[in-house]
Amino acid sequence: MATPIGPCGTVTRSPAAHLSRAPGWFSWSKRGRGPCGDTKRRGHNYCKVFRTFPASFSFAAAPFSGNMLIALFFSLLVSSVVAAEKDSVLPRLTDTKATEAFIDSAEVVVIGFLEGEESPAYQQLALAASRVDSVPVAICTEKEVWTHYSLSSDTVALFRKADTHQENLVIATTKKLEADGLVNFITVNEVRYITEYDQVTAVGLFNSHVKTHLLLFANKGSKEYSELKKALGALAPDFTDKFLFVLIDGAVKSNSRSLGYFGLKSRDLPRVGIYDGDADTKWLLPAGEVSTERVRDFCHSFLRGELQEAKQEDAEAKTEL
């Protein structure tokens, strides 16, 4: 699936644009910053030059001539730029086997299928990679590998395991590609085995072809939060391409709509629910311990159709009354 990109390489559709079609549990905050709200960083290398000198150093007291100071300044500037360039070198994938191994190495990875380091997109991708530490980034210049992934021109592709998805950003379709836009592309589509819900990740979750969500409601900062995130994150791979596991922080005020959709309040947490996007239907795991075993059984009950049958029987019983 190709992501629509605007003039500066940013995602053109904001989360609010999906509001009319979003699932009932999705909550939006107009005051929040969307996936295109990153602040640009300018003059980074120049700042590094001045940080090279100790705080006690005084240019006025130093026995340097004007020419010596200029020479020293530019020498340090060049050194800083060279160091930045070395840090921005991306690993190169030379064949399909290496590419498959790289994709399998993490939950989410990004590969720049580019002509080479001389490609205008290369430096921007390298800059973006330095700002998104959570996602490994590499490049591939081998056209045979491009064909394996159904690509024919320079493309930045994001691969994720949670829904076995490949999200393509075709360079030729962008009016102007910048590192900020690539950072947005990565963070918006960074759907993991268990994804913490916010206005940015909501876009990737909603656009996924997997429409069934296993929702864990928990208050961040509580003793259960980290433990449950780890436990359900380990369970999620068993339901790849069947469920997207989503963690919703009940302590965040803007998430109150999500809780309310399931009839919950922050004091009721932790709880677990399932939302079926295709049928626009929800189920709530009965109150009790949120254990891996109970959540696994809950998921299997949905996949076997038992939850759907029980809801239908309950609806028919109410109709008869």
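Residues numbered from 1 in each chain as written. Predicted model: local features only at pLDDT ≥ 70, side-chain atom pairs only at ≥ 80, totals over all residues. Heavy atoms only, no water.

### Section: the pattern of salt bridges
Move 1: Summed over all chains, the structure comprises 10 salt bridges.
Move 2: The closest approach of N and O atoms between Lys229 and Glu196, which form a salt bridge, is 2.5 Å. In this pair, Lys229 sits in helix 8 (residues 223–235) while Glu196 sits in strand 6 (residues 194–196), placing the two residues 33 residues apart along the sequence.
Move 3: Residue classification places Glu196 among the partly exposed residues on the basis of a relative accessible area of 27%.
Move 4: Because the salt bridges share partners, they merge into one network encompassing Glu196, Lys220 and Lys229. (Salt bridge = Lys/Arg side-chain N within 4 Å of Asp/Glu carboxyl O. Helix = DSSP H or I, 4+ residues; strand = E, 2+ residues; numbered from the N terminus. Buried < 20%, exposed > 50% of the residue type's maximum accessible area, 1.4 Å probe, protein only.)

### Section: helix 6 (residues 179–188)
Move 1: Most of helix 6 sits inside the fold, with 9 of its 10 residues counted as buried.
Move 2: The set of residues buried in helix 6 consists of Ala179, Asp180, Gly181, Leu182, Val183, Asn184, Phe185, Ile186 and Val188.

### Here we look at helix 8
Move 1: Every buried residue of helix 8 is listed here: Tyr225, Leu228, Leu232, Gly233 and Leu235. In a view along the axis of helix 8, the buried residues occupy a sector of 150°, so they form one face of it. Residues of helix 8 that are exposed and angled more than 90 degrees away from the buried face: Lys223, Ser226, Glu227, Lys230 and Ala234.
Move 2: On its buried side, helix 8 packs onto strand 6, strand 7 (212–218), strand 8 (244–249) and helix 10 (292–303). (Arc of directions from axis to C-beta. Contact = heavy atoms within 4.5 Å.)

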